[in-house]
Amino acid sequence: MKIFPALEIPETLAAGPGPGKTDPRVLERFCKTGVADHMQKDVLRGMVEAKLMLRELWGTKNLYTFGVGGTGWSGLDSIQSLVLPGDKVVVFVNGTFSSIDSLCLRMKASSLEDLAADSLNPQPANVIVINVPHGQSVTGDIIERALAEHKPMWAFMTHWETGSGRVNDIEGFNVACQKHAVMGLIDAVSSLGVGDFDIDDYPGVVAWASCPQKGVLSLPLTYAPVSFSDKAIAVLKQRGCYTFVHHPILEARHWGIINDEDVAAGTYHRTHSGYAVAAFHEALRILLGYGRAQKAKDYLYHEAALKQVVAAMGCDVTSDMPSLIVLNLPGKLAGREKDLVAGCRAENFCIWPTLSEPVQIRIGILNQLSVEAITEIVGRFADAMLKMGAEFDKHAVMNGLAEYYKAG
Ligand SMILES: *Cc1c(COP(=O)(O)O)cnc(C)c1O
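Conventions and cut-offs
Counting restarts for each chain, with residues numbered from 1 along the sequence as it is written. Totals for whole chains, interfaces and linings use every residue, but because this is a predicted model, local features are given only for residues with pLDDT of at least 70 and side-chain atom pairs only at 80 or more, for both listing and counting. Remark: hydrogens and water are excluded; side-chain values derive from all non-hydrogen atoms of the structure. Neighbouring residues are identified by heavy atoms, a residue being near a molecule or strand if any of them is within 4 Å of it. Any N or O atom pair separated by 3.5 Å or less is treated as a polar contact, with the protein-specific requirement of one donor-capable and one acceptor-capable atom, and with residues adjacent in sequence counted only for side-chain atom pairs. Residue exposure ignores everything except the shown protein chains as possible cover, and the areas themselves are Shrake-Rupley values with a 1.4 Å probe. Computed over the protein atoms alone on a 1 Å grid, cavities are sets of points where a 1.4 Å probe fits but cannot get out and pockets are open sets with protein on both sides within 12 Å along at least five of seven lines; a residue lines them when it has an atom within 4 Å of a point. More than half of a molecule's atoms lying within 2 Å of a cavity's or pocket's grid points is what places that molecule inside it. Counting from the N terminus, the helices are DSSP H or I runs at least four residues long and the strands are E runs at least two residues long. Only Asp, Glu, Lys and Arg are considered charged in this grouping, and only Ala, Val, Leu, Ile, Met, Phe, Trp, Tyr, Cys and Pro are considered nonpolar; every other residue, Gly among them, is considered polar. Strands pair, by our definition, only if DSSP identifies at least two bridges between them. Here an angle of 0 to 180 degrees is reported between the N-to-C directions of two axes, which are lines fitted to C-alpha atoms, with helices fitted over the stretch in contact. Here is the rule for angles: anything less than 35 degrees is roughly parallel, anything more than 145 is roughly antiparallel, 65 through 115 is roughly perpendicular, and the remaining ranges are oblique. Crossing handedness is read from the near helix: turned anticlockwise from the far helix by less than a right angle, it gives a left-handed crossing, and turned clockwise, a right-handed one. Contacts are residue-level and defined by heavy atoms, with any inter-residue pair within 4.5 Å sufficient. Grid points are joined across faces, edges and corners, and a volume is the space filled by probe spheres set on the points. Where each domain starts and ends comes from a domain assignment, either automatic or drawn from a database.

Q: It is not clear to me how the site of the ligand should be interpreted in this structure. Could you clarify?
A: In the vicinity of the ligand, 13 residues are found, and the nearest of them are Thr71, Thr162, Asp187, Gln213 and Lys214. Asp187 places a polar side-chain atom, nitrogen or oxygen, 2.7 Å from a nitrogen atom of the ligand. The side chain of Lys214 places a nitrogen or oxygen atom 2.6 Å from an oxygen atom of the ligand. Summarising the interface, the protein chains cover 91% of the accessible area of the ligand, which totals 390 Å² for the free molecule. Judged by the fraction of its atoms near the pocket grid, the ligand is located in the second largest pocket. The element best represented in the shell around the ligand is helix α3 (residues 72-80), accounting for three residues. Partitioning the shell around the ligand into residue classes produces five nonpolar, six polar and two charged.

Following this line, the structure appears as structure tokens:
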């Protein structure tokens, strides 16, 4: 028998698309929470309070707003469970994550024959995949044309595609869904807690899903926020779905949403961790305390700084997402993106490559909203480029950054 030494994991500079740098206050709540079961009164109270704060963060009056234990895909599985075999779905794909969303939906909408034909990558004819090239956004025109032509029951889009760093047209999606009487579903994994939007402004969208560790900044594996409109719940009640654990109506019960009403304390659905509840609750308190609008403004301000300074180093930025830049290396470094990322990661400067073709570099600023944090990210990235033979004057680049901040 081999017993390994205690696992030590170092502190890294988290400068990728996510997980973001968890606030020490969130970790403190995690560690300072006592051992308590999932029906203890303060755990249940924490879940009810978190639910109320989540409605604030999402900007919604949707009763069915709560957290699904797990990661982004757990929340997405819950909203995608509305889709049943044979349903007609249009899904827009413009990068790694929307591509996986398309796979999840093809699995849900498959018949037994579709699944048996290719169980890991089924291709049901009733799911229409609209491919938009990597590096481009899904536009209102593309959405309108697809929904007008196919008239599906459901349409699915990623709000912000984290694979290519592109913001997709949520207004256009909402308008087209309403016009063609289509029920919209949105992957808001990377936009919640970063962008300033109220989901109630988009009545064409009936369900939304996010994740714990990006804009919400509660990595100690907690909850994927989801929100369902009354219409989604009515359709679900009528048709049902093939999951117990991620069933939106059943999962909502533990959060104190029972028989379409808020109640003072939830009932058992599955075990919840008091540590996770306390950490998630604190992350929401921090976000709402900072202010959603202020945070969105700060992301835009610091993203613009980062974008400007990597352009000054000769990089070509192809993204338009506020918490992340996606870029190609210049000239003779082009094609060596993976090597550069590997070198940085070996030194605990954790930036990312793209996870699907083409290979690009992704640098994220989740919870790195200060002059000092951005300056450190820029300095380390500049060093990595210079080490690989890039030709620019680091001093001039850093001065350019300082001037951006001096100008306010
Ligand atoms: C990160 C991400 C996911 C997956 O989330 P996990 O937490 O890894 O399960 C899905 N969609 C988008 C847009 C993402 O950015």
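Q: Would you take a moment to explain the sheet that holds strand β14 (residues 324-328) for this structure?
A: Strands in a sheet are paired, the pairing made by backbone hydrogen bonds, and the direction either parallel or antiparallel. As summarised here, the arrangement of the four strands in space is β13-β14-β17-β16, forming an open sheet in which the pairing is antiparallel. Every other strand in the sheet has two partners, leaving β13 (316-317) and β16 (352-353) as the edge strands with one partner each. Across two bridges, β13 lies against β14 in antiparallel orientation. The partner of Asp316 across the bridge, within β14, is Asn328.

Q: Could you clarify how one ought to interpret the packing of α3 against helix α4 (residues 96-109) in this entry?
A: How two helices sit against one another is set out by the angle between their axes and by the gap between those axes. At their nearest, the axes of α3 and α4 sit 11 Å apart, and the two run at 40 degrees to each other. Taken as axis vectors, α3 and α4 run oblique relative to one another. The chirality of how α3 crosses α4 is right-handed. On α4, the residues touching Trp73, Leu76, Asp77 and Gln80 of α3 are Phe97, Ile100, Asp101, Cys104, Leu105 and Lys108. For the contact of α3 with α4, a count of residues per class yields six nonpolar, one polar and three charged.

Q: Mind showing me how you'd approach the packing of helix α2 (residues 41-58) against helix α10 (residues 274-290) here?
A: At their nearest, the axes of α2 and α10 sit 9 Å apart, and the two run at 30 degrees to each other. Of the two elements, α2 crosses α10, and the hand of that crossing is left-handed. Contacts between α2 and α10 involve Val43, Gly46, Met47, Glu49, Ala50, Met53, Leu54, Glu56 and Leu57 from the first element and Gly274, Val277, Phe280, His281, Leu284, Arg285, Leu287 and Leu288 from the second. Considering only residue class, the contact of α2 with α10 consists of 11 nonpolar, three polar and three charged.

Q: Would you take a moment to explain the layout of surface pockets for this structure?
A: The space that makes up the largest pocket amounts to roughly 430 Å³. As for the largest pocket, its lining consists of 18 residues, of which Thr12, Ala14, Gly20, Thr22 and Leu219 are closest to the centre. No other element matches helix α1 (residues 24-32), which puts three residues into the lining of the largest pocket. The residue makeup of the lining of the largest pocket includes at least three contributed by each of domain 1 (24-288) and domain 2 (292-407). In this structure, the second largest pocket occupies an estimated 270 Å³ of space. Lining the second largest pocket are 20 residues, and of these Trp73, Phe97, Val189, Gln213 and Lys214 sit closest to its centre.

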